[in-house]
Amino acid sequence: MPLYFDNELKSPEQSSTSLVAWHKQLNIFAVAYKLTNGGTFYVYNKDGQIIASKSEVERKAEITSFSWHLERQLLAVGWSTGELFIWNNIEKVVNNVKSVHDKPITTLSWSGPKLASADKGGAFAIWKIDGLGRSQSDPIYKHNFEIAITSCISKSHGNTSHLSITNLAKAAVSGDQIALDLFADFNSGFNSRMKLPQKDGESFFLGTDDGKVFYVNDKGEKNECVSLECSIKQLLHSKDGKYLVAMSSDLQVVKCRVNDLDKLEEVERVKFSGQGSNAHIAWVGKTLLAAATSDHALRLWDLETGDNFSLPLHENLGFSPTERIITVDYMPTKGYIGASTNNNKLAVWMSQPQMKGKSDPENCWKCLPAIDIKVCATQLQWNATTPIMAIASDTSAWILTEQQANFCISQTMVATQTGQQQVSIDFIGNKSTEEDLGFSGLSLSPEKDKPITTGQPSGGHCKITTHISYSGMDIASEHLAVWNKTTVEIYQLLSSTQSNYVGTFNCASMSSALHDNSFFSVDTEKEGQPKVLVRNFQGIVKQLLAIPEADGEPIMISTSADYMVVATNIGCIRVYDLSRRDAKPHSSNKNLTEFIENFGQINYLSCSPNGSKVAVLCNKDSGVPDTKLYVYDIETNKLQNFDFATGFSDDDDLACDSGPKTDIEQSKCDAAWEVSGRYPTSVHWDVCESRLLSCQAENLKNPPKTNAGQKRKKSDSDSVIEMKNKLTAKVIVVSLFSTPDHGLMLQDAFEKRHHQTDLIGVKIPYFYFNQSSSTDMKEVASGKQSQDVMSRKIMRDFVGLDSTDASAQNAMLNFSYHLTAGDMDEAFKAIKLIKGSRVWESMARMCVKSRRLDVAQVCLANMGHARGVRAVREAEKEPERNARVARLALELKMNDEAERLYIDCKRYDLLNHFYQATGQWKKALETSETRDRIHLRSTYYNYAKHLETIGDLSDAIVHYEKSGTHHFEVPRMLFDELDMLEAYVMKSKDRKFRKWWAQYMESTGDMDSALKFYKQAADPLSLVRVYSYCGQLDKASEVANETGDRAACFHLARQYEQNDDIKQAIHFFTRAMAYGNAIRICKEHGFEDQLMNLALLSSPNDMMEAARHYEERPDTIDKSVMLYHKAGHFSKAVELAFEYEQFGALELISNDLDENTDPILLARCAEFFAQNGQHDRAVSLLVAAKKYTEAITICSDNSVRLDEELVEKLTVPKDDPMSSKQRHQLLIHLGDCCMKQGEYHLACKKYTQASDRDKAMRALLKSGDTEKIIFFAGVSRQRNIYVMAANYLQSLDWRKEPEVMKNIISFYTKGKAFDSLASFYDACAQVEIDEYQNYEKAVGALTEAFKCLTKAKMPDKTKQENKITDLKSKIAIIKKFITTRRLFDTDPNEGVKQCLGLLQDSDLNASVRYGDVYGILIEYYAAQQNYERAYQYVQELRQRMPKIQMSFFINMRTIQDVHDAVGAPLDGPDNYAHEGLDGDDMQNGSDIDEEDSEVHEEIYQENTDPAQMVRASFAYR
């Protein structure tokens, strides 16, 4: 709860205050004073201390206007004489501006480095001011409006930037004066993150005394924007730059919208009512305007929505009915509105979140009790960053400082500050003994508040009025100490009615504490660094606790029971034992920076009552509050922590475990998620229990995502159904256990109530809170406003327990502690002796929170709650743990908890049932409509039943209709209210209701009404029935014919049959499609002409009945066969067809026969068709009868054409019971038929299915399909298949198809037919010699043939040896020829000798052609121009081979040259030219040969492997 203290500022003698202005960024403000013969101003800091009061700023004139620069410490001051200067608050110097004013300056306004000034004479100027406050000699722009300018503001552009401390420091180091000022102010501690407005343009809005508003842009151009009737009193421009507001002296306010072109568009004008012309307006939000019009209420106007409301001054808060508000100001950072009144009072409204169920905007503002400010304020202004207000009156200046109320708690008392010099004391018990400190745990939860009233408090209540205004307090044992910056006062509190003032002494301390008869303080006035001093109550120092310099300077102390903890500025802590005469160290110094990363400074400190643990809250080094609570365990020298951002401690594995969890683990995750996204602001140990501590935590702006909370998202459609399992309040209270094995364990959390401001402390079994005065309007109106300043909440685990039963409380504490730690054995030991059912019920409620159903069953059993035990056991079938826990909560009447659990586990079906059972029908309907639509109709039905029981019949009808049960339920419900029922039926257009009413009318005998409503209900059957009853068969016939309703026609046909009108009966039976009845009466009455038609339209059974009727007569056998056929009775139809030789019908019947027909019947029909030459139809029927052998035989004997479809039908399925041998024989037979008809592919397929691959290959070979032959050989993988395929491929032109040659070699190799492969290679070699004269490649091919021949396993070994010998000889001769040919490049003579030697070999021509040898000799001698010798060899070659084609071996040009040289004619040109070449070709023959030779060489030169050479050669060809 905030308290406000006012202090008068030191001012010049005989002065009065005129103006006051805070700096927008820094904690400094200026006050203008009127002196007896002039004026001056002082600059103060936030504490009200003067920091600037130079005589240079004093003038013989009054200050009429002044304004701070938005960023720098520059104050522009305007005087009544027109003088203008800039005060540099850093340099403490005055910078005069060459003013253009000769009248009093009325207004000053900054816009970045530009300053606008205006006076009463209408002069307006814009100046450029540098960073030191110096101006240019002349203004940038100036205008003369010739009328007094009353107001001037700069145009806002609505953009701000946030500057972090890091960037601020960098800018300050680089020499930026603004950053240096802000950084210096940051170091003073007022803020760690500042907002720096970006520089606006040089545009201004002006208001004049004649009611006009002008706009002056950055080019100095002025434009009139708005005109009012009276003088402009005030101008305001919204921060987003969207709106401009002008108020005139007659309280007329105009709202204008500023567009992108800086044009004003007037939107609205309003006239405020008030009791005077002194009105003041101020922004109190983004677009919310507040107006103080000397009225009893503050008026607010939302410019965005147009809404307006007022905030009145309530008498219960200390205001009088005649009090008037005269001025107003707003503090955006805190959301405070401050308004002064004419009765020297200050009203402060605090913005607060809109409360649930209150949609009025005035409920968003909470008014504090009236603050007495001792003067009538004419002007007030909030500091922009801290809640400090500067107040100016006609006589003096004041500052009003907000201070949070002090409070403290001990084992015996709770003290709360209620005023500047008031303390409220509540006695809560006696001092605990050592046995009392043996508690070991507890469980906490929000329950009903139990405030301590001033009339009958728990242990008494008293109030103390101190002699000093104090800023700190502490209590211990029976003493109270209060202090401020200089003085300490001590009081003795013996009882609620007896208190003594002990004494006072001077002490300047930054932190103090009280223990028994000693006062501890961190003294700042002693020499050297601060020390911890121990004084008695007379102020005499009796002990000095020295802190080593290495541990830093002490900044904070805190006491608890008989222990005190001291913290230093560098994070060291030490605990002292105070139980003896002198304070003794209880622990060594511990530096927290060893445990905490990015440690900044300790914010909050608390020691456990047994001195074993210290709880610490701190800031990070960036100034941001740490989200973790740290507890240092002195005994184990370990630092425990709990992170409020995630809800887990760092040691908890569940924080990063996203896998499946047990019930206990999931309950911990749920509890962690409830408190996540926060940071701690205070921590308190229980005053008696050393393992329990409680924290107050607030929301983070950007909470991190956690595993525990990732699965929970609030849907946009949630309205009544909210995510109640997430604590949504801004501030919550969290309790934890500090355990030796598990660290800090979350026990419970709850939201603070709106009237509870701070957690004072904890003493089992209560939480104690400081509370604000009630501002609930109902309480204010009734005068029941509470004046209590402290309230308490009983811990959930102790609800129903006798507060005087120490043993029960002890057992409950132990149970809760061990339950939280997961030690169930110890938990049950703690409660085994408890007998009271209320205690067991409290523990069962605790199990709901901890999700421990096993423990809950024990508690319910001890309570004797048999129904609850049965319910929990029945709930075990539910798969969701929270659903089972919710069932337990229902048995314990914890409806809110059950609702939250059902929502959490998304069991909306159970939630819907819960809402219905508890009468929350609105929620039940919304749940079923949005989440549980499968039960929507049943929910409507149940709600309608509920409405029926309470007599709300109209709403019941609506919900019966929604449930879809209204056709039955509404008539039932209204049966006793016939008038109401008739009206409902008449109003409803539902045919079912009209039919119901018609039936009711019929039951009463009113046939005319019945017929009327049957017509409206469109019920032909009922109409026909009533008409028939009334004997009006003609009308009944008309209805039946018109509607064609089968039921109506059938009913009418029965009526006609009873009346012996057979034709009409047959007609309506036919319309009703009751052909059986029509056939029946046709047979009975001899209507043969209609019988056949009806039979064809009827069902198979009726057809067979008619067929049997026709079968009895020989002349109608054809009709009988047809009907049997149509009815699907093929056997009977075929039998009759054969018997009476109805062969035409038999052909028609055979078309419908299939495999489902009797095989005997199929065989009989097939035999008939075979005898009549219709073999294809016979085959189809035999296939259907699965007589494959006969079918294939007919195909073979009668050459029935086979196609793929028929062949597949003739193929015996694999699942046929026929033996595999028989199946294979049939497949081979079928394949033979295919071969006979030339269907080789089908034959191959059947042979393959019969596993006869040889026949299959032969079939393919006959087909000549090379691609399939190659494929089949590859997949068959049989030697003989490979050989057959290779033999086939050799029959192709493999010389032009390299891929074929490759497959030949591959298949021979895979088939291991090496002799055949050798023969193939031999043929390849011969091709190389005969066609290309390429003996090198031929040698390679012969070598491959030799290798294959050596691998071959021929049956005739002698023949194999002879072939090998021949190959060797052939290879040797060819190699010798190759060698000889190469000698002509190195030793031609030797080459000639070798050639002559080869020609002498009788076996030469078998290996090397004579033409090739003679060709070498002829070419050589021709090249040597020995043409005679060359001609000699030409003639010799002709003699040896008369028919040789000479040009194949020798270049035609060489032959021509030889003959020309010797003078011999070229006889017999056919012996020289290639076959098919003409004369021109013969002339170019040499070129062709050379070109071919080059290509050959190019192809083969890179292939070394003989087999590859052969392939490459044929690839070229």
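A brief look at the structure comes next. Predicted model, so just to flag it, every value in this text is computed and none were measured.

### A closer look at the environment of P1020
Argument step 1. Secondary-structure assignment places P1020 in helix 20 (residues 1020-1029).
Argument step 2. Expressed as a C-alpha distance, the spacing of P1020 and A1047, which sit 27 residues apart in the sequence, is 8.3 Å.
Argument step 3. Residues within four places of P1020 in sequence aside, it is in contact with V1039, T1043, D1045 and A1048.

### Details of the pairing of strand 47 (residues 541-545)
Argument step 1. In this structure, strand 46 (residues 531-535) lies alongside strand 47, joined through 4 bridges in antiparallel fashion. From the neighbouring strand, V534 faces strand 47, where its bridge partner is Q543.
Argument step 2. Hairpin geometry of strand 46 and strand 47 is characterised by an intervening segment of 5 residues between the two adjacent antiparallel strands and by a positive phi of about 90° at G539.

### Considerations on the pattern of salt bridges
Argument step 1. Within the structure shown, the criterion is met by 26 salt bridges.
Argument step 2. For D909, the salt bridge is made with R907, and the minimal N-O distance between the two is 3.0 Å.
Argument step 3. Each of E878, E880, R907 and D909 takes part in a single network of salt bridges with overlapping partners.

### A closer look at the sheet that holds strand 37 (residues 413-417)
Argument step 1. Taken in spatial order, the 4 strands make up an open sheet running 36-37-38-39, and their pairing is antiparallel. Two strands close off the open sheet at either side, each with one partner strand: strand 36 (407-409) and strand 39 (461-465). Sheet twist, expressed as the mean angle between neighbouring strand axes with direction ignored, is 15°.
Argument step 2. Bridge count for strand 36 against strand 37 is 3 bridges, and the pairing is antiparallel. Counterpart to I409 in the pairing with strand 37 is V414.

### Observations concerning the packing of aromatic side chains
Argument step 1. Within the structure shown, the criterion is met by 39 aromatic pairs.
Argument step 2. Note on F41 and F85: the rings are 6.5 Å apart at their centroids and 35° apart in plane angle, and the pair reads as tilted. Separated by 44 residues along the polypeptide, F41 in strand 4 (residues 38-45) and F85 in strand 8 (residues 84-88) bring together distant segments of the chain.
Argument step 3. Aromatic side chains F914 and Y915 sit 5.6 Å apart centroid to centroid with 45° between the ring planes, which places their arrangement in the tilted category. This pair shows no difference in class: F914 is buried, exactly as Y915 is.
Argument step 4. Three or more aromatic residues link up through ring pairs in this structure, and these residues are W22, F29, Y33, Y42 and Y44.
Argument step 5. A cation over a ring is seen here: R691 above Y817, with NZ or CZ 4.7 Å from the ring centre.
Argument step 6. In this structure, K1012 is placed above the aromatic ring of F1013, and the distance from its NZ or CZ to the ring centre is 5.6 Å.

### What to know about unusual backbone geometry
Argument step 1. Of note, the amide linkage connecting I764 to P765 takes the cis form, showing an omega dihedral of 10°.
Argument step 2. Along the chain, P765 turns up in the loop between strand 61 (756-763) and strand 62 (766-771).
Argument step 3. Despite not being glycine, K893 has its phi angle at roughly 60°, a positive value.
Argument step 4. Following the sequence through the fold, K893 ends up in the loop between helix 10 (881-891) and helix 11 (895-904).
Argument step 5. Residue classification places K893 among the exposed residues on the basis of a relative accessible area of 70%.

### Things to note about a negative patch on the surface
Argument step 1. On the surface, a cluster of negative charge is contributed by D976, E977, D979 and E982.
Argument step 2. Structurally, D979 is set in helix 17 (residues 978-987).

### What about the sheet that holds strand 24 (residues 280-283)?
Argument step 1. Taken in spatial order, the 4 strands line up as 24-25-26-27 in an open sheet, and their pairing is antiparallel. The strands lining the two open edges of the sheet, one partner per strand, are strand 24 and strand 27 (308-312). On average, each strand axis in the sheet is inclined to that of its neighbour by 25°, with strand direction left out of account.

### Some words on the environment of S1009
Argument step 1. Looking at the element boundaries, S1009 is found in helix 19 (residues 1007-1016).
Argument step 2. Taking the C-alpha atoms as reference points, S1009 and A998, 11 residues apart in sequence, are found 6.9 Å from one another.
Argument step 3. Reaching out from S1009, the side chain makes a polar contact with the side chain of D1006 at a distance of 2.6 Å.

Analysis parameters
Residues numbered from 1 in each chain as written. Predicted model: local features only at pLDDT ≥ 70, side-chain atom pairs only at ≥ 80, totals over all residues. Heavy atoms only, no water. Helix = DSSP H or I, 4+ residues; strand = E, 2+ residues; numbered from the N terminus. Contact = heavy atoms within 4.5 Å. Pairing = 2+ DSSP bridges. Salt bridge = Lys/Arg side-chain N within 4 Å of Asp/Glu carboxyl O. Axes fitted to C-alpha atoms, helices over the stretch in contact; angles between N-to-C directions. Phe/Tyr/Trp six-rings, centres within 6.5 Å; stacked < 30°, edge-to-face > 60°. Buried < 20%, exposed > 50% of the residue type's maximum accessible area, 1.4 Å probe, protein only. Lys NZ or Arg CZ within 6 Å of the ring centre and 35° of its normal. Patch = residues over 30% accessible without salt bridge, like charges linked within 9 Å, V, L, I, M, F, W, Y side chains within 5 Å. Areas by Shrake-Rupley, 256 points an atom, 1.4 Å probe, with all protein chains shown as cover. Lys, Arg positive; Asp, Glu negative; His and termini not counted. Charge placed at Lys NZ, Arg CZ, Asp CG, Glu CD. Polar contact = N/O pair within 3.5 Å; in protein donor to acceptor, adjacent residues only side chain to side chain.

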